Amino acid sequence: MKIKDYKGQELCELLDSGKISILEELGAGDLRREMDRVGSLCSFFIRLICRNKSDESLRKRASKMIRCVAPSSMAAPLPQYDGTVVVGFNHPSLGEVCRLLYIGLDSYPDREFLFPVNLPWYESIVGIIPELNRLGIHITPMMTPATEEKLNRRFEGDQEKLDDIEFLRMVFDRRYIREIKSIAQKNGAIFVAPSATRQKEIIGDYVHPSMTVVAHLVMKGGRKATFIPVAVISPVLANRELNLFRRYRFIPCEPFSSEEVAKLTAGRDREFDFTFLRRIEKAYLANTLF
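About the criteria used
Residues numbered from 1 in each chain as written. Predicted model: local features only at pLDDT ≥ 70, side-chain atom pairs only at ≥ 80, totals over all residues. Heavy atoms only, no water. 1 Å grid on protein atoms, 1.4 Å probe; cavity = no way out; pocket = protein on both sides within 12 Å on 5 of 7 lines; lining within 4 Å. Points joined across faces, edges and corners; volume = space filled by probe spheres on them. Helix = DSSP H or I, 4+ residues; strand = E, 2+ residues; numbered from the N terminus. Nonpolar A, V, L, I, M, F, W, Y, C, P; charged D, E, K, R; others polar. Buried < 20%, exposed > 50% of the residue type's maximum accessible area, 1.4 Å probe, protein only. Contact = heavy atoms within 4.5 Å. Salt bridge = Lys/Arg side-chain N within 4 Å of Asp/Glu carboxyl O. Expected span 1.5 Å × (residues − 1). Phe/Tyr/Trp six-rings, centres within 6.5 Å; stacked < 30°, edge-to-face > 60°. Lys NZ or Arg CZ within 6 Å of the ring centre and 35° of its normal. Core = buried A, V, L, I, M, F, W, Y, C linked by side-chain atoms within 4.5 Å. Axes fitted to C-alpha atoms, helices over the stretch in contact; angles between N-to-C directions. Parallel < 35°, antiparallel > 145°, perpendicular 65-115°, else oblique.

J.: How do you make sense of the layout of surface pockets when you look at a structure like this?
T.: Think of a ball as big as a water molecule: rolled over the atoms, this probe shows where empty space is left. If you add up the space inside the largest pocket, you get close to 1100 Å³. Lining the largest pocket are 39 residues; nearest its centre among them are Met142, Thr144, Pro145, Ala196 and Thr197. Among the secondary structure elements, those contributing two or more residues to the lining of the largest pocket are strand S3 (113-118), helix H7 (119-124), helix H9 (145-154), helix H10 (159-185), strand S5 (189-192) and helix H11 (210-218). Ranked by residue count, the leading element in the lining of the largest pocket is H9, at 6 residues. When the residues that make up the lining of the largest pocket are grouped by side-chain class, the tally is 23 nonpolar, 7 polar and 9 charged.

J.: Before we go on, may I ask you to explain the environment of Ala75 in this structure?
T.: Position of Ala75 among the secondary structure elements: in the loop between strand S1 (72-74) and strand S2 (84-89). On the basis of relative accessible area, Ala75 is assigned to the partly exposed category, the value being 40%. Once the C-alpha coordinates of Ala75 and Arg249 are considered, the two residues, 174 residues apart in sequence, prove to be 7.4 Å apart. In this structure, Ala75 is in contact with Arg249, Phe250, Ile251 and Pro252, ignoring residues within four places of it in sequence.

J.: Looking at this structure, I do not really get the side chain of Ser43. What am I missing?
T.: The residue Ser43 is located in helix H4 (residues 36-49) in this model. On the accessibility criterion, Ser43 (7% relative accessible area) is buried. Setting aside residues no more than four positions away along its own chain, Ser43 makes contact with Ser124, Ile125 and Ile128.

J.: For this particular structure, what's the right way to read the pattern of salt bridges?
T.: Pairs can form between side chains of opposite charge whenever their charged atoms are close. Overall, the coordinates contain 17 salt bridges when judged by the stated rule. Where Glu166 meets Arg169, a salt bridge forms, and the shortest distance between an N and an O atom there is 2.5 Å. Here Glu166 and its partner Arg169 are both found in helix H10, 3 residues apart, which amounts to about one turn of the helix. Using a relative accessible area of 39% as the deciding quantity, one classes Glu166 as partly exposed. Between Asp269 and Arg270 there is a salt bridge, with its nearest N and O atoms 2.5 Å apart. Owing to a relative accessible area of 19%, Arg270 belongs among the buried residues under this scheme.

J.: What should I look at first to understand H10 in this one?
T.: Along an α-helix, residues three or four positions apart point the same way, because every turn accommodates 3.6 residues. Spanning 27 residues, H10 covers 39 Å between terminal C-alpha atoms, matching the ideal 39 Å at 1.5 Å per step. Of the residues flanking the end of H10, it is Asn187, one or two places downstream, whose phi is positive at about 55°.

J.: Can you help me understand the packing of aromatic side chains in this one?
T.: For any pair of aromatic rings, the description consists of the separation of the ring centres together with the inter-plane angle of the planes. According to the stated counting rule, one finds 8 aromatic pairs in the structure shown. Seen from their ring centres, Tyr248 and Phe250 are 6.4 Å apart, and the 20° between their planes marks the pair as stacked. Pair check on accessibility: Tyr248 and Phe250 agree, each one buried. Taken together, a centroid distance of 5.3 Å and an interplanar angle of 85° make the contact between Phe256 and Phe272 edge-to-face. Of the two residues, Phe256 sits in the loop between strand S7 (248-252) and helix H12 (258-264) while Phe272 sits in helix H13 (residues 271-288), which places them 16 residues apart along the sequence. We note that Phe256, like Phe272, is buried. What links up through ring pairs into an aromatic cluster is the set Phe227, Phe256, Phe272 and Phe276. In this structure, Arg59 packs its charged tip against the face of Phe113, placed 4.6 Å from the ring centre. Between Arg279 and the ring centre of Phe256, over which it is positioned, the NZ or CZ distance is 3.7 Å.

J.: How should the nonpolar core be read in this particular structure?
T.: Soluble globular proteins tend to bury their nonpolar side chains together. The biggest cluster of nonpolar side chains holds 67 residues, and the ones touching the most others in it are Ile22, Phe115 and Trp121. When residues of this core are assigned to their parent elements, the largest contribution, 7 residues, is made by helix H6 (residues 95-107). Each residue touching Trp121, except ones within four places of it in the same chain, is listed here: Met35, Val38, Cys42, Leu94 and Val97. Core analysis: the next-biggest nonpolar cluster, separate from the first, contains 31 residues, Ile183, Ala231, Leu277 and Ala283 among them.

J.: What exactly am I supposed to notice about the packing of helix H1 (residues 8-17) against H10 here?
T.: Relative placement of two packed helices is described by the angle separating their axes and the distance separating the axes. Interhelical geometry of H1 versus H10 gives an angle of 85° and a closest axis separation of 10 Å. As judged from the angle between their axes, H1 and H10 are roughly perpendicular. Contact with H1, carried on its side by Gly8, Gln9, Leu11, Cys12, Leu15 and Asp16, involves Phe167, Leu168, Val171, Phe172, Arg175 and Arg178 of H10 and no other residues of that element.

Read these as layout, nothing more, since geometry by itself doesn't imply function.
Here's what the structure looks like:
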């Protein structure tokens, strides 16, 4: 079957079960294979954590074990809040994601989490979805701008492939929307990289409306939420991967209240996204310039 012959839900179920690789089906399996080493490491640790058959204290076990191989320091604790929590961070590497995992487990031990994950990485860790769900961690595949651009360049002139890529982006976007709504209804925690892709710059050439989209979905119907910008400072000479055994620094910034976000998302397009990123950039520069 061709990609577009599947229904969106059917495609997601086949992907999650590991029965198909969407990237292989597209003819871009090398993008997934680039993530095999990172995916194997992640899968090994999560399976090791979940060897304990009891769910009691499983999150504490996860936090302790991941912290050993992916150390970090916090300038301040993540703020506490009764409603939905949205944590947005600059995204220089994969390393901050696994560290935010245990920071979240320590900060919000009773909440479910949502992490959007780039499709190549998602495919490399799809086998541990049941274990992640045991930990209350939900991941959802995304066609990030960088991956979409790579695929579009590769299949330039092949309209059928380009249509498949557009179809997949739409399927994953719809799934992400459903997942956000579900987590928000449970007053969970959503972790978002506003850049939607790994990049050194905090404010790049193009600012995606990531935070505005999440805000509209989370606060729909008058639901309350807090939006916490977090500046990530990676180790000197860090690469784009996990940077295990090297210490990251996290600086939580002043959070945005529901009322602030409502004002910022009611006016100029992307005003909230720019304001959110500038708050991260200010904290980052204050802690990296000497």
